[in-house]
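Single-letter residue listing:
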Amino acid sequence: TMTALTDNRPAPVFERSRRSAQTEILDGPVSTADLAGILRDLARFNGVMQGHRPVLRWLDRAVKNIPREQPLTLLDIGCGYGDLLRAIRDWARRRGRPLRLIGIDLSGQVIDVARSVTSIADDIDYRAADIFAFTPHGPIDFVVTSLVTHHLPDEMIVRFLCWMESKAARGWMIYDLQRSVVPFYFIAVAGLLLRLHPVVTYDGRISVARSLTRREWESRLNDAGIPHGVVDLRWFMFRFAIGRLK
């Protein structure tokens, strides 16, 4: 049954004062059949929450002064189901912008699912790789990552920020959850109303509990040596959009 994956696991716990150390089901092995359904429902929930909107708005600002015909390369780290990359492809088509899209995920199984639901016409280059071992062929203009950083411990987030700062020629953008009691309980209700896969609800609550506060983000950025004034940290529906343009 769909609930089998969540059976016999401890209930998600929220603490305002610190990040949770609980692990998510998707952090471990999941069958490909289950994975496809979980990723589909995760993308569906993110769509309901207008999750792509802050990233696309940031891209509008990022390309404002770049000639429309100039080819650009964008890398999505932890691309998951590929729904953000497909939304970015639609965005680029509407604006007549030539955009090379690369999606990286640590899991080859996840990449296989993303490829299976992406049209060849979308021309997205999916790769299974550890980002810290990944060497891009040619310059990367923009790096984006959505709902990924809460999976990382604090010291890895600092390393990740340093990586993006060094590799993204024109800028980078992080979109992730805010650790707040409101989304922690809201996602349980939304899971019932939207009939989401139980893993989406279970992992979603842990994701909120593992996420950072604004103050914690400011501290991680400082630890990474990124000047406070160059980063735009915006709040959007209990999520953060953290953008850096160069």
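For the structure itself, look to the data block above.
Here we come to the environment of Leu42. Here Leu42 shows up in helix α1 (residues 32-48). Between the C-alpha atoms of Leu42 and Leu196, which are 154 residues apart in sequence, the distance is 7.9 Å.

Counting 33 residues, the largest nonpolar core has Leu59, Leu74, Ile88, Trp91, Leu99, Phe142 and Val144 as the members making the most contacts within it. Non-local contacts of Leu74, meaning those with residues more than four positions away in its chain, are made with Leu59, Leu85, Ile88, Leu99, Arg100, Leu101, Ile102, Phe142 and Val144.

Let us now look at helix α6 (residues 181-194). A rise of 1.5 Å per residue sets the reference length of α6, with its 14 residues, at 20 Å; its end C-alpha atoms lie 20 Å apart and thus fit the reference within 8%. The set of residues buried in α6 consists of Pro183, Phe184, Ile187, Ala190 and Gly191. As for α6, its buried residues are in contact with α1 and α7 (198-210). In the stretch just after α6, Arg195 is the one whose phi turns positive, near 55°.

To continue, consider the sheet that holds strand β5 (residues 168-177). In spatial order, the strands read β3-β2-β1-β4-β5-β7-β6; together these seven strands make up an open sheet with mixed pairing. In this open sheet, the two edge strands, each paired with only one partner strand, are β3 (124-128) and β6 (231-235). The sheet shows a mean angle of 15° between the axes of neighbouring strands, taken without regard to direction. As judged from the seven bridges shared by β5 and strand β7 (residues 239-245), these two strands associate in the antiparallel manner.

The final tally for this structure, using the stated rule, is 18 salt bridges. Between Arg220 and Asp223 there is a salt bridge whose closest N-O contact spans 3.5 Å. Of this pair, Arg220 and Asp223 are both found in helix α8 (residues 214-223), three residues apart, which corresponds to roughly one turn of the helix. Look at Arg220 and you get buried, because its relative accessible area is 12%. One salt bridge in this structure joins Asp232 and Arg234, with 2.4 Å as the shortest N-O distance. Residue classification places Arg234 among the partly exposed positions, given a relative accessible area of 39%. Shared partners join several salt bridges into a network, and the residues in it are Arg19, Asp154, Arg220 and Asp223.

Here is what the cut-offs are and how they apply
Residues numbered from 1 in each chain as written. Predicted model: local features only at pLDDT ≥ 70, side-chain atom pairs only at ≥ 80, totals over all residues. Heavy atoms only, no water. Helix = DSSP H or I, 4+ residues; strand = E, 2+ residues; numbered from the N terminus. Core = buried A, V, L, I, M, F, W, Y, C linked by side-chain atoms within 4.5 Å. Buried < 20%, exposed > 50% of the residue type's maximum accessible area, 1.4 Å probe, protein only. Contact = heavy atoms within 4.5 Å. Expected span 1.5 Å × (residues − 1). Pairing = 2+ DSSP bridges. Axes fitted to C-alpha atoms, helices over the stretch in contact; angles between N-to-C directions. Salt bridge = Lys/Arg side-chain N within 4 Å of Asp/Glu carboxyl O.

By themselves these figures say nothing about function.
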